[in-house]
Amino acid sequence: SSSMKPPSRPELFDFEGVSMIHNFTDNWEKVKNFQARPDDILIATYPKAGTTWVSYILDLLYFGNDAPERQTSQPIYMRVPFLESYFKVIPSGTELADNLPTSPRLIKTHLPVQLVPKSFWEQNSKIVYVARNAKDNAVSYFHFDRMNMVQPEPGDWNTFLQTFMEGKNVFGPWYDHVSGWWEKKQTYSNLIYLFYEDLVEDTGREVEHLCSFLGLSTSVEEREKITKGVQFDAMKQNKMTNYSTIPVMDFKISPFMRKGKVGDWKSHFTVAQNEQFDEVYKQKMKNATVKFRTEI
Ligand code: A3P
């Protein structure tokens, strides 16, 4: 018929043991063989853990005083390519990364640690991992799947929560992701493991922490300026960081910069859901040593 069809949502499938959608696997040969450089900085996260926040912090630390057009005319997803992404509307992540003129290159990935291209390890590139507590991460992912038409249909909150506990989300189980990367940190010293909760609690302290990991001698004044510029309200107003330039997201359903809080899960979980979630969490994380805060 000639009537407009609603955009069809992608289906999940198993990719090397991880739930995925085609837009993150169709370019796999290029992703797998991606040539990392020793000065690359890989920003790795489970989706909705604070990727954009940390990407923007790093971009300002390295390039904040460069040509102003960088900050005013180029959305963050063009400055910090999403390695495995392969969509028709923008160049692939590998193509964007290969063509980045800057040094260092800032590159984003949501891949679980076992799927990261091996050249990052061979080149000993720096890696910034950001993790967020499972409850807030689940809530944020639910709203993201609702508003992002290129993500699978989440169903209602309870349906989504069950899916999350089963690990049937794009990029697989949260539990394996955060603990797999935590394990990696024990043997790979060029990895810093940050927590979203720490960033909310004291952004300036975490920026300082990042500077010392990266070996940057950014001045106190500069760090304070950056800390101010990356606060939730500033990023929400900023068209280059709030994703308003991406056509596949429906902000009438939910904005990308949604709440930016620790503990928003309390307004979503019922008492029964919380008990079930805690039970599952205990089971799934029984061998994990990484500890999270669900409130600050
Ligand atoms: P909420 O949906 O809970 O608001 P990602 O960039 O990994 O997709 O993560 C998005 C989440 O990080 C969203 O969480 C978003 O609001 C939050 N976020 C982004 N920038 C932030 C900031 N400056 N301060 C606090 N939260 C931020």
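See the structure above.
First, a word on what this report is: a plain description of the structure on this page.

Reading the values: the criteria
- Residues numbered from 1 in each chain as written.
- Predicted model: local features only at pLDDT ≥ 70, side-chain atom pairs only at ≥ 80, totals over all residues.
- Heavy atoms only, no water.
- Near = heavy atom within 4 Å.
- Polar contact = N/O pair within 3.5 Å; in protein donor to acceptor, adjacent residues only side chain to side chain.
- Areas by Shrake-Rupley, 256 points an atom, 1.4 Å probe, with all protein chains shown as cover.
- Helix = DSSP H or I, 4+ residues; strand = E, 2+ residues; numbered from the N terminus.
- Nonpolar A, V, L, I, M, F, W, Y, C, P; charged D, E, K, R; others polar.
- Phe/Tyr/Trp six-rings, centres within 6.5 Å; stacked < 30°, edge-to-face > 60°.
- Buried < 20%, exposed > 50% of the residue type's maximum accessible area, 1.4 Å probe, protein only.
- Lys NZ or Arg CZ within 6 Å of the ring centre and 35° of its normal.
- Pairing = 2+ DSSP bridges.
- Axes fitted to C-alpha atoms, helices over the stretch in contact; angles between N-to-C directions.
- Contact = heavy atoms within 4.5 Å.

### Description of the site of the ligand
No. 1: Taken together, 18 residues lie near the ligand, and Thr51, Thr52, Ser140, Tyr196 and Lys259 sit nearest.
No. 2: Between a nitrogen atom of the ligand and a side-chain N or O atom of tryptophan 53, the distance comes to 3.2 Å.
No. 3: At 2.6 Å, a backbone N or O of lysine 259 approaches an oxygen atom of the ligand.
No. 4: If the ligand stood free it would expose 570 Å²; the protein chains cover 97% of that surface.
No. 5: Secondary-structure elements contributing two or more residues to the shell around the ligand are α2 (51-63) and α13 (232-237).
No. 6: By residue number, the principal contributor to the shell around the ligand is α2, which donates three residues.
No. 7: Taken together, the residues of the shell around the ligand sort by class into eight nonpolar, six polar and four charged.

### Concerning unusual backbone geometry
No. 1: Following serine 103, the chain continues into proline 104 via a peptide bond in cis, with omega recorded as 0 degrees.
No. 2: Within the secondary structure, proline 104 is located in the loop between α5 (93-98) and β4 (106-109).
No. 3: Of note, the phi angle at lysine 48 is positive, near 80 degrees, even though the residue is not glycine.
No. 4: Of note, lysine 48 is situated in the loop between β3 (41-45) and α2.
No. 5: Although it is not a glycine, phenylalanine 171 adopts a positive phi angle of roughly 80 degrees.
No. 6: Take phenylalanine 171: it is sitting in the loop between α8 (157-166) and α9 (174-185).

### What to know about the packing of aromatic side chains
No. 1: Enumeration according to the criterion identifies 35 aromatic pairs in this entry.
No. 2: Seen in terms of ring centroids, tryptophan 53 and tyrosine 196 are 5.5 Å apart; in terms of plane orientation they differ by 75 degrees. Their pairing is edge-to-face. With a gap of 143 residues between them, tryptophan 53 in helix α2 and tyrosine 196 in helix α10 (residues 196-201) connect regions that are remote in the sequence.
No. 3: Residue tyrosine 196 is classed as buried on the basis of its relative accessible area of 5%.
No. 4: Where tyrosine 193 meets phenylalanine 195, the ring centres are 5.3 Å apart and the plane angle is 55 degrees; that geometry is what we call tilted.
No. 5: Classification of phenylalanine 195 as buried rests on a relative accessible area of 14%.
No. 6: In this structure, lysine 184 is placed above the aromatic ring of tryptophan 121, and the distance from its NZ or CZ to the ring centre is 4.1 Å.
No. 7: In this arrangement the basic side chain of lysine 185 is found over the ring face of tryptophan 182, its NZ or CZ atom lying 5.2 Å from the centre.

### Digging into the pairing of strand β5 (residues 126-131)
No. 1: Within β5, five of the six residues are buried, leaving the element largely enclosed by the surrounding structure.
No. 2: Sheet analysis places β3 next to β5, joined by five bridges and oriented parallel. If you follow isoleucine 43 over to β5, its bridge partner there is valine 128.
No. 3: Of the strand pairs in this sheet, β5 and strand β6 (residues 191-195) are connected by five bridges, and their pairing is parallel. Within β6, the position partnered with alanine 131 by the bridge is phenylalanine 195.

### Digging into the sheet that holds β3
No. 1: Spatial strand order, β4-β3-β5-β6: four strands in an open sheet with parallel pairing. Single-partner strands in this sheet number two, and they are β4 and β6. Taking each pair of neighbouring strands and ignoring which way they run, the sheet shows an average axis angle of 20 degrees.
No. 2: Those strands touched by α2 are β3, β4, β5 and β6, and its axis lies near 165 degrees from that of β3.
No. 3: Where helix α11 (residues 203-214) meets the sheet, it contacts β3, β5 and β6, and its direction lies at approximately 175 degrees from that of β6.

### Brief notes about the environment of asparagine 148
No. 1: Positionally, asparagine 148 belongs in the loop between α7 (134-147) and α8.
No. 2: Relative accessible area serves as the criterion here: at 5%, asparagine 148 is assigned to the buried category.
No. 3: Each C-alpha atom, one on asparagine 148 and one on isoleucine 253, is 9.1 Å from the other, the two residues being 105 residues apart in sequence.
No. 4: Among all residues touching asparagine 148, those that are not within four sequence positions of it are Arg9, Val248 and Met249.

Spatial relationships are all this shows, so hold off on functional conclusions.
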